[in-house]
Amino acid sequence: MTELTIISASSAALPREPFLGRHFIGGEWRDSPAGETYDRLSPAHGVHVSRSALGAASDAEAAIVAARKAFDSGVWSRIPGKARALVLLRVADLIEENVERMALIETLETGKPITQSRNEVSGAADLWRYAAALARTVHGDSHNTLGDDMLGIVLKEPIGVVSIITPWNFPFWILSQKLPFALAAGCTTVVKPSEMTPSTTVMLGELLVEAGLPAGVVNIVLGYGGDVGSLMTTHDAVDMVTFTGSTLVGKTISAAASKTLKKVALELGGKNPQVIFPDADIESAADAVTFGIYFNTGQCCNSGSRIIVHEDIADEITERVVALSKKVAFGDPLDPKTQVGAIITTQHQGKIDDYVRAAVAAGAEIALGGGPLVVPGLGGQFYQPTVLRGVTPEMAIAREEVFGPVLSVLTFRTLDEAIALTNDATYGLSAGIWSENVHTCLEFCRRAQAGTVWTNTWMDGFPELTFGGMKQSGAGREIGKYGFEEFLEIKTLAMRVGRTRDNWVRD
Ligand code: NDP
């Protein structure tokens, strides 16, 4: 362990008072009726970061009613796209003005490095700007070929009231992959953040007021999924649910929403492989593998948690990744040098460790790490950079979402074998291919069952490039044109032109 790069507790100032979060319903900030609250302690520092109103079904009900009323009033859904775009652009500017404040609380609630939080908050502003452009450019179709007396028009309309349920791993980023797109379409919303990371969502609510968003268009309810989230997925007045989180909860939500046939968009887990051929740029591939597994402490739907390496270069790649892993700075999330921070909860840390123990018991070999990490001055809610070799396809660690900094190395001999291993998964979120041969890359891209395939890169993303999963990684898409269209309903107009008197009833 001494050979790792560990960043001890820094001298960065911690907040003296917790951030206070309340529900935001119908344009008003509200406590829970009986004043119940819950507290979040920082995973790395143990400091009391936030105290939030603890919502119940009655709060969710009030928020849904407010969103419905706002939608039906037309105050947002029927105004010109230009007017919606102007509000979204103001929100983007305000996010940029508040990066430091929001990044600090994001880091304290999640345990992620402060430099990463700053990038995520400022990067989210670009999602709001991109959505603003879509608000003005959305359009349907016209059909002028139906005969002299007919004109067909296909309109795109906002789908209505959207429930947005978000997880703890990228609280502000994932919210910004959904909310501005729903708003650009003209929808109204009820948002429930993870109970562990509610505060940047509340801060955004403050910015929405400042930007001039009408009351009731965005409503925020804080609390647990069972108490608040479940009503958001079953209520008659909700037209659509968009959810990011575990596949298990995604299935529960899909079943609950089916009773009222709501539209459901799901962004769920992944077991994302990077396939590396002997002719790859090995240095770049090893760096991308290292980034792919440790980014966000591996607590990432896109985590590159398994690599499938040609057996001729498996030892070389493993050794390079181990060497690079030792240089990755794990430790105090508030130190700008830190690249990998804390684990979200001690229970989750235990779950990661259980996967590693089970893999070793099944015959995998630890090439690096393999246990919790104690950071001097901060305690032990961290996990060592971990590389496991000799992993075989049937092991749980090769198939399930570990959600930690734990890399599994598998091997292949032929392209067909690499593709079979790639697709031997219940998930289909993302995959990657490393080769200098364009034919190898293209064949892999076409045959891989994944919503995104990266070629000679990993986890590059843009607001323009839509994102989502195949198989049990989800349903529907986020961001880009296709992500935006999830929030639109389609209506067909068939219009007779002129009075042709071609009556059905004959005289
Ligand atoms: P969950 O999927 O349990 O939670 C995600 C969100 O859904 C939270 O806001 C949660 O509320 C809410 N929720 C929970 N149950 C319901 C319900 N019945 N109806 C409506 N909303 C509900 O993720 P966890 O945070 O518990 O993480 C568990 C595992 O999920 C992780 O270990 C990881 O493997 C995976 N995960 C995957 C993510 C991804 O990006 N694909 C993101 C996060 C987790 P609350 O938690 O406040 O009760």
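Residues numbered from 1 in each chain as written. Predicted model: local features only at pLDDT ≥ 70, side-chain atom pairs only at ≥ 80, totals over all residues. Heavy atoms only, no water.

**A look at the domain arrangement of the protein chain**
Interfaces are often sized by the amount of accessible area the parts lose when they come together. Our working definition: The domain limits used here are those given by an automatic or database domain assignment. Residues count as neighbours in contact if any of their non-hydrogen atoms are within 4.5 Å of one another. Buried area is a sum: the accessible area each of two parts loses on coming together, probed at 1.4 Å, counted once for each and added.
Segmentation of the protein chain into domains returns domain 1 (15-268 + 473-491) and domain 2 (273-455). Of note, the centres of domain 1 and domain 2, computed from C-alpha atoms alone, are 31 Å apart. In this complex, domain 1 contributes 25 residues to the contact, which on the side of domain 2 involves 27 residues. Both faces combined, the contact of domain 1 with domain 2 buries some 2,000 Å², and carbon together with sulfur accounts for 61% of it.

**As for the pairing of strand β13 (residues 263-267)**
Basically, it comes down to this: Exposure is judged per residue with a 1.4 Å probe applied to protein chains only, and the accessible area is read against the type maximum: over 50% gives exposed, under 20% gives buried, and values in between give partly exposed. Secondary structure is summarised from DSSP: a helix means a run of H or I of at least four residues, a strand means a run of E of at least two, and numbering begins at the N terminus for each. Should DSSP find at least two bridges between two strands, the strands are regarded as paired. A right-handed crossover is one whose linking path, passing over the helix from the first strand to the second, runs clockwise when the strands point away from the viewer.
The buried fraction of β13 amounts to four of the five residues, a majority that puts the element mostly inside the structure. Direction of pairing for strand β12 (residues 240-244) relative to β13: parallel, over a ladder of five bridges. Looking across to β13, one finds that F243 is bridged to L266. The parallel pair β12 and β13, bridged by helix α8 (residues 247-258), forms a crossover whose chirality is right-handed. Bridging between β13 and strand β26 (residues 474-475) involves two bridges; their strand directions are antiparallel. By the bridge assignment, E267 is partnered in β26 with G474.

**A short note on the side chain of E478**
To keep it simple, the criterion reads: Think of a polar contact as two N or O atoms within 3.5 Å of one another; within protein, one of them needs to be a possible hydrogen donor and the other a possible acceptor, and neighboring residues in sequence only count if both atoms come from side chains.
In this fold, E478 is placed in the loop between β26 and α15 (480-485). Residue E478 is classed as buried on the basis of its relative accessible area, which comes to 6%. Of the polar contacts made by the side chain of E478, one reaches the side chain of Q177; its length is 3.0 Å. Setting aside its immediate chain neighbours within four residues, E478 contacts Q177, K178, T242, T244, E267, T466, F467 and G483.

**Observations concerning empty space enclosed by the protein**
In plain terms, the rule: Detection works on a 1 Å grid of protein atoms alone, calling trapped sets that fit a 1.4 Å probe cavities and calling open sets with protein on both sides within 12 Å along at least five of seven lines pockets, with lining residues defined by an atom within 4 Å of a point. Grid points are joined across faces, edges and corners, and a volume is the space filled by probe spheres set on the points. Under the grouping applied here, Gly and all other residues not named as nonpolar or charged are polar, the nonpolar ones being Ala, Val, Leu, Ile, Met, Phe, Trp, Tyr, Cys and Pro and the charged ones Asp, Glu, Lys and Arg.
What the rule picks out here adds up to six cavities of 30 Å³ or more. Computed from the structure, the largest cavity encloses a volume of approximately 70 Å³. Forming the boundary of the largest cavity are 15 residues, of which P273, T422, Y427, G428 and Q449 lie nearest the centre. Mapped by element, the contributors of at least two residues to the lining of the largest cavity are α13 (415-423), β22 (427-428) and β23 (430-434). Split by residue class, the lining of the largest cavity holds six nonpolar, six polar and three charged. Approximately 50 Å³ is the volume found for the second largest cavity. Together, 13 residues line the second largest cavity, and G298, S303, S305, V402 and F403 are the ones closest to its centre. Looking at the lining of the second largest cavity, its residues break down into six nonpolar, five polar and two charged.

**What about the site of the ligand?**
What counts here: In these notes, residues near a molecule or strand are those with any non-hydrogen atom within 4 Å of it. Here the Shrake-Rupley method, with its probe set to 1.4 Å, supplies the accessible areas, and only the displayed protein chains count as covering residues.
Residues in contact with the ligand amount to 27 residues; listed here are only the nearest, W168, E195, G225, S246 and L268. A distance of 3.4 Å is found between an oxygen atom of the ligand and a side-chain nitrogen or oxygen belonging to N169. The contact in question runs from an oxygen atom of the ligand to an N or O atom on the side chain of E195, over 2.5 Å. Protein coverage of the free-state accessible area of the ligand, which is 870 Å², stands at 85%. Sorting the residues of the shell around the ligand by element identifies α7 (225-234), β12, α8 and α11 (346-361) as the ones contributing at least two each. In terms of residue class, the shell around the ligand is made up of 11 nonpolar, 12 polar and four charged. The residues that make up the shell around the ligand include at least three from each of domain 1 (15-268 + 473-491) and domain 2 (273-455).

**Here's the deal with the packing of aromatic side chains**
To keep it simple, the criterion reads: Each Phe, Tyr or Trp ring, with Trp reduced to its six-membered ring, pairs with another whose centre is within 6.5 Å; inter-plane angles below 30 degrees give stacked pairs, above 60 give edge-to-face pairs, and intermediate values give tilted ones.
Inspection of the entire model under this criterion finds nine aromatic pairs. On the basis of an interplanar angle of 25° and a centroid distance of 5.9 Å, the ring pair of F170 and F295 is categorised as stacked. Pair noted here: F170 is in the loop between β9 (161-165) and α5 (171-185) and F295 is in the loop between α9 (282-294) and β15 (306-310), with a separation of 125 residues, a long-range link. Among the residues examined, F295 registers a relative accessible area of 22% and is labelled partly exposed. Measuring from centroid to centroid gives 5.6 Å for Y294 and F330, while their planes differ by 75°, and the two rings are edge-to-face. Remark: F330 occurs in strand β16 (residues 329-331) and Y294 occurs in helix α9; sequence separation between them is 36 residues. Exposure class is identical for Y294 and F330. Each is buried. Site record: aromatic cluster; members linked through ring pairs are F170, F291 and F295.

**Focus: the sheet that holds strand β20 (residues 386-389)**
Condition: Every angle, taken between N-to-C directions, lies between 0 and 180 degrees, and every axis is a line fitted to C-alpha atoms, over only the stretch in contact when it is a helix.
Ordered in space as β17-β20-β21-β15-β14-β23-β24, the seven strands form an open sheet in which the pairing is mixed. Of all strands in the sheet, those bounded by a partner on one side alone are β17 (365-368) and β24 (452-455). Direction aside, neighbouring strands of the sheet carry axes that sit 25° apart on average. As paired elements, β23 and β24 share four bridges and run parallel to each other. Within the sheet, the bridge partner assigned to A431 lies in β24 and is V453.

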